[in-house]
Amino acid sequence: MSITTQSARRNPVLEVEGLSVRAGSGELATMPVQDLSFTIASGEVLGIVGESGSGKSMTAYAIGDLLPEGVAVSAGRIVLEGRPVLSLSPAERRALDGNRIGMVFQDPLSSFNPVRTIGSILIESARRHQQLSTSAARGKVIEALAGVRLPHPELLVDAYPHQLSGGQRQRAMIALALLNEPSLVVADEPTTALDATVQLRILALLKRSAGSRALLLITHDLAVASTVCDRILVMQRGRCVEQGSTADILESPAHDYTRELLAAAHWPAALGSQPQAGAA
Amino acid sequence: MNRDPLLEVRGLSVTLQAGGRVVQAVRDCTLHLYAGEVLALVGESGSGKTTLARAIAGIVPFDKGELLFRSLQFRAVPPAIRRSLRRRIQMVFQDPDASLNPMHRIGTILAEPLTVIGFGDRSAIRDRVAELLAMVRLDATLIDKRPRQLSGGEKQRIAIARALAMEPELLIADEPLSSLDVSTQATIASLFRDLQRRLNIGMLFISHDLAAVRQLADRVAVMHAGEIVETGSCGAVLDTPAHPYTRLLLAAMPDMRRRVLDVHLVDAIDRLAPLPHQSRACHYRPQCIRRAEICVNSAELARVAADCDHLARCHFRDERPLLNPA
């Protein structure tokens, strides 16, 4: 076990080194991400935590090649499974994005094309990346929908996004992200729009599906990050203020900003989980 | 307090038809709301909270039960009175993009309801529009802008200003924070609180975000599978929940001190998901450690303690955990 962990450490799935992202040009240019470095090994869950505007989503978009127009990586390296992705041709990069990186977003209703069935969206992705026949791809998609524990996948495959509940759509989104066996899953605020019970089920699903993959979870919610992440990186105004194991960040935060975030996330306090008086 | 509620809902049921299927989205719901009070309606998506709100606003018809506003039965008053009562109930929706006409300027969007109710001449309307913008803390110069030139938070402020134009006594806000950026959510939540207090408006606040509910609401009603399972003051329901579902919902909130994904809890939630809707039995019986013969008949909403408005749909009245075998 420790040997695999060590070899995983030596060969991280994702390495980000000195990443900077620039928005706009000339005097009006801003730097949403500045000199950011981290790695994620296989089987590891890293949480990037910060407020809106901290640059955490821009980091996810840079990794997934989804930066909006006028925003670009201005410095640094992104290395996925040993390949520096920023130097790939656009065609190579596209093949990589749907294949080795799976993306999950906050609102699957706006991420899915409303006039296409869930099945047709997933089948197209499976066919493009796995060279499958339509019927083989359909079988694979039904399997994937069952894998994220969606009820009646053989019926849901022909449903439209609006016919699913928010939690079901997020499950379908995760099925799409995992469909082509990516080595890295990037989830950007995947449970922010969901209620507590559905959120917990989706987090459990993400954690389980991470398995031997690397999972990058972007969230504003330290409590959510603490539930599933092995390590946490705290961002403020485009920079990393600290990173470390989840226990270290929560128990002995080194930076004032992290302490502020911890203080802001005080609730829930009740329900048999009160801190034990005098606990060591 | 000895006063009549602004809104009373008694045994309300709503049946929806979707794709040839008939779904009872809301079953036998009873709640009340006083003037100047915020009642939060919480529960997972699909629990019926939006349908209940739409029935109260008159957007969808209800097939059973009574709806009283200012102690008047909606169904019993003449249509003209009903229309004027409806005007006193305004809604704010989740997505301001879907509720603001993108072709119109902000000034037109806010003047329109004023014209409809015959508020006054052009200069009176212009003054009132400026007043409404000030109420939601927006600059008066925004009147010449169109919705797409505004941020998400600004658009939601416009939607609130438009609802306030009708001088509502009841504001129904359906997930008004969910489409907003996290930092914007806090400012819009405090705006709601300020306006609601200052104007003494009753507010039905629908939200999946229990932290926002705690910040904003005086009382809470918890919905699950079309029924209200528990209701009471924010403190009573969120700190001393009496119903097994409320306990499950609160236990599901991520907690930094636990820092683990409680697999037993996930399992309990998973098993709770699809509910048999026909049976009279309590839905939570299979997982409840307190279950007894009596639970083959689901409980009515009843007082948790002798002297309070904390009600739960459960036969039992003790503080022991009722769900979660962990």
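Rules of the game
Within every chain, residues take consecutive numbers counted from 1 along the sequence as written. Ligands are numbered from 1 and chains lettered from A, in the order in which they are written. A pLDDT threshold of at least 70 governs which residues receive local features in this predicted model, and a stricter bar of 80 or more applies before side-chain atom pairs are shown or counted, although totals over entire chains, interfaces and linings include all residues. Side-chain figures throughout are based on the complete set of non-hydrogen atoms in the structure, without hydrogens or water. A run of H or I in DSSP counts as a helix once it spans at least four residues, and a run of E counts as a strand once it spans at least two, with each numbered from the N terminus. Note that the radius of gyration is over C-alpha atoms, with the globule rule given as 2.2 Å times the number of residues to the power 0.38. Whether two residues are in contact is decided by their heavy atoms, any of which lying within 4.5 Å being enough. The Shrake-Rupley method, run with a 1.4 Å probe sphere, supplies the accessible areas, and residue values consider only the shown protein chains as cover. Charged residues are defined here as Lys and Arg on the positive side and Asp and Glu on the negative side; His and the ends of the chain fall outside this count. All charge positions are set by atom: Lys at NZ, Arg at CZ, Asp at CG, Glu at CD. A simple rule labels every residue: compare its accessible area, found with a 1.4 Å probe on the protein chains alone, to the largest value its type can have, and call it buried under 20%, exposed over 50%, or partly exposed in between. Whether two strands pair comes down to DSSP finding at least two bridges between them. Angular values range over 0 to 180 degrees, each being the angle between N-to-C directions of two axes fitted as lines to C-alpha atoms, with helices fitted over their stretch in contact. Only Phe, Tyr and Trp rings are paired, with Trp represented by its six-membered ring, and only when their centres lie within 6.5 Å; those with planes under 30 degrees apart are stacked, over 60 edge-to-face, the remainder tilted. A ring is considered to have a charge above it if a Lys NZ or an Arg CZ atom is located within 6 Å of its centre and within 35 degrees of its normal.

Peer 1: How should the overall build of chain B be read in this particular structure?
Peer 2: A count of helices and strands for chain B gives eleven helices and twelve strands. By the compact-globule yardstick of 20 Å for 326 residues, chain B fits well, its C-alpha radius of gyration being 21 Å. For chain B, the C-alpha atoms occupy an extent of roughly 70 × 50 × 45 Å along the three principal directions. A sequence separation of at least 24 residues applies to 66% of the contacts in chain B between residues at least 6 apart. If you sum the accessible surface of chain B, you get close to 14,800 Å²; carbon and sulfur atoms cover 51% of it. In chain B, the 43 positive side-chain charges and the 37 negative ones have mean positions that sit 3 Å from each other.

Peer 1: Honestly, the side chain of T197 of chain A in this entry has me stumped. Any pointers?
Peer 2: Considering the arrangement of structural elements, one finds T197 of chain A in helix 9 (residues 196–210). For T197 of chain A, a relative accessible area of 1% translates into the label buried. Beyond its immediate stretch of four places on either side in the chain, T197 of chain A contacts E44, Y245, L248, L249, A252 and I269 of chain B.

Peer 1: Can you help me understand the sheet that holds strand 5 (residues 83–84) of chain A in this one?
Peer 2: Whether parallel or antiparallel, the strands of a sheet pair through hydrogen bonds between backbone atoms. Residue and element names in this part refer to chain A. A sheet is described by the order of its strands in space; here four strands give the open sequence 2-1-4-5, paired in antiparallel fashion. Of all strands in the sheet, those with a lone pairing partner are strand 2 (30–40) and strand 5, marking the two edges. Where strand 1 (residues 14–23) lies against strand 4 (residues 71–80), eight bridges are found, and the strand directions are antiparallel. By the bridge assignment, A23 is partnered in strand 4 with V71. Set on the sheet, helix 2 (residues 56–63) makes contact with strand 1, strand 2 and strand 4; between it and strand 2 the angle comes to about 65 degrees.

Peer 1: Explain the sheet that holds strand 9 (residues 231–236) of chain A to me, please; I cannot follow it from the model alone.
Peer 2: Residues and elements named next belong to chain A. Pairing is mixed across the open sheet formed by six strands, whose spatial order is 6-7-8-3-9-10. Every other strand in the sheet has two partners, leaving strand 6 (101–104) and strand 10 (239–245) as the edge strands with one partner each. Each neighbouring strand pair of the sheet contributes to a mean axis angle of 15 degrees, computed without reference to strand direction. Relative to strand 7 (residues 184–188), strand 6 runs parallel, the two sharing four bridges. Among the inter-strand pairings, I101 is bridged to a residue of strand 7, identified as L184. Sitting on the sheet, helix 8 (residues 166–178) touches strand 6 and strand 7, and the angle it makes with strand 6 is about 170 degrees.

Peer 1: I'm lost on the packing of aromatic side chains in this one. Help?
Peer 2: Aromatic ring pairs are described here by two measures, namely the spacing of the ring centres and the angle between the planes. Residues and elements named next belong to chain B. Tallied over the entire structure, the rule returns one aromatic pair over all chains. R75 extends its terminal NZ or CZ atom over the ring of F62, reaching a point 3.8 Å from the ring centre. The positively charged end of R86 is found above the aromatic ring belonging to F74, 3.9 Å away from the centroid.

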